[in-house]
Amino acid sequence: MGPSVAIIGAGFGGLCMAIQLEKAGIRSYTIFEKGADVGGTWRDNTYPGAGCDTHSHLYSFSFERYSSRTRRYAGQPEILDYLRECADKYGLRPRIRLNTEVVSAVFDEPLGRWRVRTAAGEEVFDVVVSAIGQLNRPQLPDIPGISTFDGAAFHSARWDHSVDLSGRRVAVIGNGSSAAQLVPKVAEVAGQLDLFQRTPNWVLPKESADFGPRAQKILRLPFLHRVYREWVYRYAEHTLYPALAGGWSTDLVRRHALEHLHAQVPDPSLRAKLTPSYPLGCRRVVIDSDFYPALTRPNVDVVTDRIIRIVPGGVETVAGVREADAIIYATGFETSEFLSTIEVVGRDGRRLAEEWKDGAEAYLGIAVPHFPNLFLLYGPNTNLGHTSIVFMLECQVRYIMGCLPRLASRGPMEVRPEAMDTWRQNLDRDMKGMVWQAGCTSWYKNASGRITGNWPGNAAAYRRLTRTPRPEAFHFAR
Ligand code: NAP
C-alpha cells in the first residue's frame, strides 16, 4: 500500500512521480490538476511555433520514448500527446483530478499528516509532492495603460486562437524563447509585425531538420536510441555547460552565436541592435534558426525605443506611437515566487511564503526545514541553462521514492536546518563561478538579485547528490 501521496500538478513532474509510484505498486496517491487536462506548460503554451528547443530524445523520460520518432525537436502538440500517452499507458487517469486547484496544504502536527484543501473539500495525506513547475504563471509587463488598448491583447502562454492576425498590425512585446518561436509564424501572416525588444538575447542555431527514414529506422532500436540520447546529454554537459561556468568552451560558443547572427542578418544596423553586450548564458540563450530570418522580413521591425505606455491605438515609445491591431505579450512568467498560489503551512504554524520572503530555497531543491514530508519537484535552484529539465525531475523523483520507505517506518521526515545551511553555503560557493551573476537581469534571479532559479553544477553533479537520501540530513519523528 505505502504512504498516501498528494501530487500537485499533472505536467512532466507530477506524471513522472505518479508513474514511479505505480511502478513501486503504491496506488495510494492522487494528482490534483487545476487545468482541464494533463500536460502542464505544454497544455498551456499553444502559441504558433511552440515547441521545445532541447532534443526530444533527452526531453522525455529515460524510460519512455516518443511514439513518433520523426522530429529532432518536438513541437508542443507532440509533447502534449506524449504526456497524454504516458498518463494512459501507466494507468494514471483514475487518480488524476482535473479542474481541481489546491488552495492550501497544512501540516497537522498531532496527526503527522497533511490536510490538503481544494474547492471540493479537504483530504488528508502522509506526503505532499509539489509539481507545479517554475513557468506557469504568465507575467504581464508593468507598462502603464495596458487596459486602455482597443484591439486584441493576450499573453503568449494564453494564446487567443479566435483572433485572426492575417494582414493585421501586430505588436510583440518581449524577445525571449517564446517570442523567438512565435514571431516567425506570426510574421508569415501579419501585415506588419513590430517586435519590441528591451534587451537583445544571445541566439544559437537549432538544427531543426527532422530525421530521415534511415535515421528513424536506426533510432527505433532501443540500444541506438539510448546511444543517441547519451550523445545529446554528453554534448550538453561537456560543451554547453562549461560555457556557462567560464570554462573551455566560453569563447567557442560565443563565436558560434556571433557567426549565426552574421550568417542570418546581413544588415549591420539590425545586427548591432541584436548583439548583446553581456556574456553569453547570463540569461536563457534562445536556440532557434528561424528567429533572425523573420526579423529581416520587410514586414518586421525590431523596435528598441523605450516603451512609455500602451494607448488605445497601439504602443507609445519615446519615438512616438506604433499603431497596432493586436498586442502579444511574450513577457515571460512569475518565476521567483515558488508555490505562492498555495497556502502552505508547516510545523509550528510556519508559512512557506513567510519562510521564503527573502527568496525561495530548499535542500537539494526538494526539501524545506519545518515542512515535514513536503517534497518539491523543479523547486528552487534546480533549473538548468544547458540541458533537459526532465533529467532533473527524474533525479528528484528517484530521491523522493528513496524517502518513502524511510518516512513510512520512522514517521514524518524533515530536513535539518544544519543540512540546509550547508546546502546554501555550497550553492553560494558554486554560484560564484557562474555566468548568471554578472551584467544582466534575468528570471533566474529574484527581486533582491539572488539566483533562486538555477542549479550551478552540471546535471551529472545533481544526479550524484540526489542518488540516495542521506538519513543524517533529516530529523525523523520516530
Ligand atoms: P522571458 O525569456 O522571460 O522573456 C520575457 C521578455 O519580455 C523579455 O524579452 C523581456 O525583456 C520582455 N519584457 C518583460 N517585461 C517588459 C517590459 N515591461 N517592457 C518591455 N519588455 C519586457 O519569457 P519567455 O520567452 O516566455 O521564456 C521564459 C522561459 O520559458 C524561457 O527562458 C525558457 O526557459 C522557457 N521556454 C522554453 C522554450 C523551449 O523551447 N524549451 C520555449 C519557450 C520558453 P528583458 O529581456 O529586457 O527583460
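Residues numbered from 1 in each chain as written. Predicted model: local features only at pLDDT ≥ 70, side-chain atom pairs only at ≥ 80, totals over all residues. Heavy atoms only, no water.

Notes on the overall build of the protein chain
What counts, and what does not: Here a helix means four or more residues in a row that DSSP labels H or I, a strand means two or more in a row labelled E, and each is numbered from the N terminus. Based on C-alpha atoms, the radius of gyration is set beside the globule rule, defined as 2.2 Å times the residue count to the power 0.38. Burial here depends on accessible area, computed with a 1.4 Å probe over protein chains only, as a share of the maximum for the residue type. Under 20% is buried, over 50% is exposed, and the range in between is partly exposed. Residue contacts are counted whenever heavy atoms from the two residues lie within 4.5 Å of one another. Accessible surface area values rest on a Shrake-Rupley calculation with a 1.4 Å probe, where residue burial reflects the displayed protein chains alone. In this tally Asp and Glu are treated as negative and Lys and Arg as positive; neither His nor the chain ends contributes. We put the charge of a Lys on NZ, of an Arg on CZ, of an Asp on CG and of a Glu on CD.
What the protein chain contains, in helices and strands, is 13 helices and 21 strands. At 23 Å, the protein chain has a C-alpha radius of gyration in line with the 23 Å of a compact globule built from 478 residues. Projecting the C-alpha coordinates of the protein chain onto the three principal axes gives extents of approximately 70 × 55 × 45 Å. Going through the 478 residues of the protein chain one by one, you find that 56% of them count as buried. Of the contacts made within the protein chain by residues no fewer than 6 positions apart, 72% connect residues no fewer than 24 positions apart. Within the structure as shown, the protein chain displays about 20300 Å² of accessible surface, and the carbon and sulfur contribution to it stands at 51%. The protein chain carries 57 positive and 51 negative side-chain charges, and their two centres are separated by 6 Å.

Some remarks on the domain arrangement of the protein chain
Worth spelling out the cut-off: Reported domain spans reflect what an automatic or database domain assignment gives. Salt bridges are defined by distance alone: a side-chain nitrogen of Lys or Arg within 4 Å of a carboxyl oxygen of Asp or Glu. Polar contact criterion, stated in full: a pair of N or O atoms within 3.5 Å, where within protein one must be able to donate a hydrogen and the other to accept it, and residues adjacent in sequence count only if both atoms are side-chain atoms. Any residue that is not Ala, Val, Leu, Ile, Met, Phe, Trp, Tyr, Cys, Pro, Asp, Glu, Lys or Arg is counted as polar, Gly included; the first ten are nonpolar and the last four charged.
Here the protein chain is partitioned into domain 1 (5-137 + 334-476) and domain 2 (139-200 + 296-332). The C-alpha centroid of domain 2 is placed 33 Å from the C-alpha centroid of domain 1. Taken together, the connections running from domain 1 to domain 2 amount to one salt bridge. A salt bridge links Arg-158 to Asp-44; its shortest N-O distance comes to 4.0 Å. Across the contact surface, domain 1 and domain 2 share four residue pairs in polar contact (both at pLDDT 80 or more). Tallied by class, residues from the side of domain 1 that touches domain 2 come to four nonpolar, five polar and three charged.

Topic: the nonpolar core
The line we're drawing: In plain words, nonpolar cores are sets of buried Ala, Val, Leu, Ile, Met, Phe, Trp, Tyr and Cys residues tied together by side-chain atoms within 4.5 Å.
Counting 90 residues, the largest nonpolar core has Ile-7, Phe-12 and Tyr-363 as its most contacted members. Every residue in contact with Ile-7, bar those within four places of it in the chain, is listed here: Gly-14, Met-17, Ala-18, Leu-21, Tyr-29, Thr-30, Ile-31, Phe-32, Val-129 and Ala-131. Counting 31 residues, the second largest nonpolar core, distinct from the first, contains Phe-154, Ala-187, Leu-270 and Val-302.

Let's talk about the pairing of strand β1 (residues 5-8)
Operational definition: Following DSSP output, two strands are said to pair if at least two bridges run between them.
A two-sided burial pattern is seen for β1, the buried positions comprising Val-5 and Ile-7 on one face and Ala-6 and Ile-8 on the other. Pairing of β1 with strand β7 (residues 127-130), which is carried by four bridges, proceeds in the parallel orientation. For Ile-7, the partnering residue across the bridge sits in β7 and is Val-129. Where β1 meets strand β2 (residues 29-32), four bridges bridge the pair, whose relative direction is parallel. Among the inter-strand pairings, Ile-8 is bridged to a residue of β2, identified as Phe-32.

Re the site of the ligand
We count it as follows: Any residue with at least one heavy atom within 4 Å of a molecule or strand is counted as near it.
Taken together, 24 residues are adjacent to the ligand, and Asn-175, Ser-178, Thr-199, Arg-283 and Trp-443 come closest. Arg-284 is positioned such that a nitrogen or oxygen atom in its side chain is 3.3 Å from a nitrogen atom of the ligand. In the environment of the ligand, an oxygen atom lies 2.8 Å from a nitrogen or oxygen atom belonging to the side chain of Trp-443. Contact with the protein chains removes 86% of the 910 Å² of surface that the ligand exposes when unbound. Looking at the shell around the ligand element by element, the count peaks at three residues for helix α4 (residues 177-189). A breakdown of the residues in the shell around the ligand according to their chemical character gives nine nonpolar, 10 polar and five charged. Residues lining the shell around the ligand come from more than one domain, with at least three contributed by each of domain 1 (5-137 + 334-476) and domain 2 (139-200 + 296-332).

As for the sheet that holds strand β13 (residues 300-303)
In plain terms, the rule: Axis definition: a line fit to C-alpha positions, over the contact stretch in the case of helices; interaxial angles, taken between N-to-C directions, run 0 to 180 degrees.
Reading across from one edge, β8-β17-β9-β10-β13 is the order of the five strands in this open sheet, with parallel pairing throughout. Each end of this open sheet is capped by a strand with a single partner; those strands are β8 (152-155) and β13. Shown here is a sheet whose adjacent strand axes are inclined to one another by a mean of 15°, direction ignored. With four bridges connecting them, strand β9 (residues 169-173) and strand β17 (residues 326-329) associate as parallel partners. Each bridged residue has a counterpart across the sheet, and for Val-170 the counterpart in β17 is Ala-326.

Describing helix α1 (residues 12-23)
Here is the rule we go by: Expected helix span is taken as 1.5 Å per residue step, with the number of steps being one fewer than the number of residues.
The end-to-end C-alpha distance of α1 is 16 Å, a good match for the 16 Å that 12 residues give at a rise of 1.5 Å each. Those residues of α1 lying buried are Phe-12, Gly-13, Gly-14, Leu-15, Cys-16, Met-17, Ala-18, Ile-19, Gln-20, Leu-21 and Glu-22. Backbone geometry just after α1 places Gly-25 at a positive phi near 80°.

Focus on the environment of Val-203
By the element assignment, Val-203 lies in strand β11 (residues 203-204). Dropping the residues within four chain positions of it, Val-203 is found in contact with Ala-257, His-260, Val-286, Asp-288, Phe-291 and Tyr-292.

Points about α4
For clarity, the cut-off: Fitting axes to the seven residues that end at a residue and to the seven that start at it, the angle between those axes gives the bend at that residue.
Along α4, the helix axis deviates most sharply at Val-183, where the bend reaches about 35°; the proline Pro-184 sits within four residues downstream. For α4, the complete set of buried residues consists of Ser-178, Ala-179, Ala-180, Gln-181, Leu-182, Val-183, Pro-184, Val-186 and Ala-187. Those residues of α4 that are buried lie in contact with β9, β10 (192-196), β12 (286-287), α9 (291-295), β13 and β17.

What about the state of the cysteines?
Which entries qualify depends on this criterion: What counts as a disulfide here is a pair of cysteine sulfur atoms lying within 2.5 Å.
This structure, assessed with the given rule, holds one disulfide. Covalent S-S linkage joins Cys-282 and Cys-440, the inter-sulfur distance amounting to 2.0 Å. Sign of the S-S torsion, about -95° for the bond between Cys-282 and Cys-440, identifies this disulfide as left-handed. In this pair, Cys-282 is assigned in the loop between α8 (268-274) and β12 and Cys-440 in the loop between α12 (417-431) and α13 (459-465), connecting sequence segments 158 residues apart. For the unlinked cysteine Cys-16, the closest cysteine sulfur is that of Cys-86, found at 9.2 Å. Of all cysteine sulfurs in the structure, the one in Cys-395 sits closest to Cys-403, which takes part in no disulfide; the separation is 14 Å.

Observations concerning the environment of Ala-236
Note on placement: Ala-236 falls in helix α6 (residues 222-244). Those residues in contact with Ala-236 that lie beyond four places of it in its chain are Tyr-241, His-386 and Thr-387.

Section: the side chain of Ser-388
Locating Ser-388 in the fold gives a position in the loop between β19 (374-376) and α11 (389-410). A distance of 3.1 Å separates a polar atom in the side chain of Ser-388 from the backbone oxygen of Leu-58. Leaving out residues up to four positions away in the same chain, Ser-388 has contacts with Thr-54, Leu-58 and Tyr-59.

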